[in-house]
Amino acid sequence: MLSGWITSVVRIRILKTMNKFFFGVEKIDKISGTAFALGYAGALPFIFLVMLQWQGYEPMQNGLNLIYFYGCIILSFLGAPHWGYILAIADKGKTKNLAGRLVIGVIPSLIAFFSITVSEIDRLLIIGSSFIFVYVIDSILFRQQIVPNWFLPLRLRLTLIVVMSFLFSIILIIFRE
């Protein structure tokens, strides 16, 4: 009987440790679990496209790298939490720095749009490094707000996956030339 209890305690500790390592939180509820599942599912195309490059394929569309296209879409998406934050508090009379948050919410889309004007390697560097920039801004601004404890750990892990994917893609393109 005691060994069954000890086994349960050990399993719980292992589960908490794994959750802390992989997800940044010890307990995952339905909403955070959904967010993690969708977030990691959204990171899969980055990994898949780099794996294709690794195998010698050039995942291109109209002469542009598909990881660049997908990165632009996801980067544009990252401005949405700032707009969502403003929409959530706008009726509560908290108007401090709202205009700045709206601007911050649009910057990732503008970076993605104007990056098309530079060379392939530069595009990938700009979009990949923009994920770092947006994460740093988010971590500064959202630490000052009430957000779920899983949000920033998830953003950090996804940002690392995306940035590493862009880095590998750049390295593979350089060695291909």
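Below you will find a few notes about this structure. Just so we're clear, the structure is a prediction, and the values are computed from it rather than from any experiment.

Thresholds applied
- Residues numbered from 1 in each chain as written.
- Predicted model: local features only at pLDDT ≥ 70, side-chain atom pairs only at ≥ 80, totals over all residues.
- Heavy atoms only, no water.
- Patch = residues over 30% accessible without salt bridge, like charges linked within 9 Å, V, L, I, M, F, W, Y side chains within 5 Å.
- Areas by Shrake-Rupley, 256 points an atom, 1.4 Å probe, with all protein chains shown as cover.
- Salt bridge = Lys/Arg side-chain N within 4 Å of Asp/Glu carboxyl O.
- Helix = DSSP H or I, 4+ residues; strand = E, 2+ residues; numbered from the N terminus.
- Buried < 20%, exposed > 50% of the residue type's maximum accessible area, 1.4 Å probe, protein only.
- Phe/Tyr/Trp six-rings, centres within 6.5 Å; stacked < 30°, edge-to-face > 60°.
- Contact = heavy atoms within 4.5 Å.
- Core = buried A, V, L, I, M, F, W, Y, C linked by side-chain atoms within 4.5 Å.

### Here we look at a nonpolar patch on the surface
Taken together, the side chains of W83, V106, L110, F113 and F114 present a nonpolar region at the surface, about 510 Å² in accessible area. When residues in the nonpolar patch are grouped by element, the largest group, four residues, is from helix 5 (residues 98-114). Mapped onto the elements of the fold, W83 is located in helix 4 (residues 80-89).

### Details of the environment of V106
By secondary structure assignment, the location of V106 is in helix 5. Classification of V106 by relative accessible area gives partly exposed; the value is 32%. Sequence spacing of V106 and S76 is 30 residues, and the spatial spacing of their C-alpha atoms is 7.7 Å.

### Structural notes on the packing of aromatic side chains
In the structure shown here, the tally under the stated rule is eleven aromatic pairs. The structure contains a cluster of three or more aromatic residues connected by ring pairs, namely F36, Y40, Y85, F142, W150 and F151.

### Considerations on the environment of L52
For L52, the position within the fold is in helix 2 (residues 30-54). Expressed as a C-alpha distance, the spacing of L52 and S169, which sit 117 residues apart in the sequence, is 9.9 Å. Not counting residues within four places of it along the chain, the set of residues in contact with L52 comprises Y57 and P59.

### Thoughts on the nonpolar core
If you look at the biggest cluster of nonpolar residues, it comprises 20 residues, and the most contacted ones within it are F46, I67, L75, L124, I127, F131 and F166. If you list the elements that add at least two residues to this core, you get helix 2, helix 3 (66-77), helix 6 (120-143) and helix 7 (151-176). If one sorts the elements of this core by residue count, helix 7 sits on top with six residues.

### Some details on the side chain of D138
Mapping D138 onto the fold places it in helix 6. The exposure class assigned to D138 is buried, which follows from its relative accessible area of 0%. Residues within four places of D138 in sequence aside, it is in contact with L78, H82, R143, L152 and R155.

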